[in-house]
Amino acid sequence: MPDLAADTFPVSVPQTGFPALSSSASGSSALSSKSAQSPGEMTILMGNLTGEMLSLSCSNAQLPKGVNFQLGSVFDTYVCDRQAWRDEIDANMALVMCGEMNTPCEISLGPVRFKSTEKRRRTSASSGGSNQKYFMMNVIVHFPEFDIRINHATYMLEIRLIPG
């Protein structure tokens, strides 16, 4: 059985409500070794099967208004078109698992619309307005090295969200 301690790292949750990696986790091999993030860029480590967010980091504290990702929550609950997101991830994972997509690799999903936790002022139903706000981020999904001999239930994806 592999040493599980080598694959774990501490996570801290700031009082502001936006979880981030602790400084000791930022160099973890669980996240790619990208040394520089764009301003406002977020990196999320997500369990492939569960979609659960296991770690989050951000390049600075100036995030788009309405961003409130929470550790342990399912990533696609924040995506406006959940089915399209899941279909894309599942299709690419199928290619990885059958060996048709070599890993490690990255795919760009382009701009993706996310639900905002910030609400607009209430609009009247007669105006047809919505009080739900959205924000757009460019999404890059990193598929780390995949070994068919390892249980795919433990496989994790790195999701980079880049303002733009």
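Above: the structure in question.
Think of each chain on its own: its residues are numbered from 1, step by step along the sequence as written. The predicted origin of the model limits local features to residues at a pLDDT of at least 70 and limits the giving and counting of side-chain atom pairs to 80 or more, whereas totals for whole chains, interfaces and linings rest on all residues. Heavy atoms throughout the structure, all of them, feed into the side-chain values; hydrogens and water do not.

*Asks:* What's the story with the overall build of the protein chain in this structure? I'm lost.
*Replies:* Note on conventions: DSSP H or I runs of at least 4 residues are helices, E runs of at least 2 residues are strands, and numbering of each starts at the N terminus. Broken down by element type, the protein chain carries one helix and seven strands. The secondary structure elements of the protein chain, listed N-terminal to C-terminal, are β-β-β-β-α-β-β-β. In this scheme, a residue with accessible area under 20% of its type's maximum is buried, one over 50% is exposed, and one in between is partly exposed, where area comes from a 1.4 Å probe on protein chains only. Looking at the 164 residues of the protein chain, the share that counts as buried comes to 36%. Should any heavy atoms of two residues lie within 4.5 Å, those residues are counted as being in contact. In the protein chain, the proportion of contacts linking residues at least 24 apart, taken out of those at least 6 apart, comes to 56%. Each accessible area is a Shrake-Rupley estimate made with a 1.4 Å probe; only the visible protein chains count as cover when residues are assessed. Split by element, the accessible area of the protein chain, about 9600 Å² in all, is 52% carbon and sulfur.

*Asks:* Please clarify how the environment of Arg113 should be interpreted in this entry.
*Replies:* Mapped onto the secondary structure, Arg113 falls in strand β5 (residues 105–119). Look at Arg113 and you get partly exposed, because its relative accessible area is 42%. Taking the C-alpha atoms as reference points, Arg113 and Tyr134, separated by 21 residues in sequence, lie 6.5 Å from one another. With residues up to four places along the chain from it excluded, the contact list for Arg113 reads Tyr78, Val79, Cys80, Tyr134, Phe135 and Met136.

*Asks:* Would you mind going over the pattern of salt bridges with me for this structure?
*Replies:* Think of it this way: side chains of opposite charge can pair up when their charged atoms draw near. Between Lys or Arg on one side and Asp or Glu on the other, a salt bridge is scored when a side-chain nitrogen of the former is within 4 Å of a carboxyl oxygen of the latter. Under the defined criterion, the tally for this structure stands at four salt bridges. For the salt bridge of Asp76 with Arg82, the shortest nitrogen-to-oxygen distance reads 2.8 Å. Here the salt bridges share partners, and the residues they tie into one network are Glu41, Glu106 and Arg160.

*Asks:* Can you help me understand the pairing of strand β4 (residues 53–58) in this one?
*Replies:* For a regular strand, the rule is simple: side chains alternate between the two faces of the sheet. Strand pairing is defined by DSSP finding a minimum of two bridges between the two strands. Across five bridges, strand β3 (residues 42–47) lies against β4 in antiparallel orientation. Note on β4: the bridge partner recorded for Ile44 is Leu56. Count of turn residues in the β3/β4 antiparallel hairpin: five residues, of which Gly51 carries a positive phi of about 75°.

*Asks:* What am I meant to see in the nonpolar core here?
*Replies:* Nonpolar side chains in soluble globular proteins tend to end up buried together. Put simply, a nonpolar core is a bunch of buried Ala, Val, Leu, Ile, Met, Phe, Trp, Tyr and Cys residues held in one set by side-chain atoms that sit within 4.5 Å of each other. Counting 29 residues, the largest nonpolar core has Phe69, Phe75, Phe114, Phe143 and Leu161 as the members making the most contacts within it. Elements supplying a minimum of two residues to this core: β3, β4, α1 (82–97), β5, β6 (132–143) and β7 (156–163). Those residues in contact with Phe75 that sit more than four places away from it in its chain are Ile44, Met46, Gly51, Met53, Phe69, Trp85, Phe114, Ile159 and Leu161.

*Asks:* Teacher, can you tell me more about the pairing of β3 here?
*Replies:* In terms of burial, β3 is largely enclosed, as six of its six residues are buried. Neither face of β3 is left uncovered, since the one carrying Met42, Ile44 and Met46 and the one carrying Thr43, Leu45 and Gly47 both have all their residues buried. When β3 meets β7, the two strands line up antiparallel, connected through six bridges. When the sheet's bridge partners are listed, Thr43 is paired in β7 with Arg160.

*Asks:* Honestly, the environment of Leu71 in this entry has me stumped. Any pointers?
*Replies:* For Leu71, the location among the structural elements is in the loop between β4 and α1. Along the sequence, Leu71 and Met46 sit 25 residues apart, while their C-alpha atoms lie 9.8 Å from each other.

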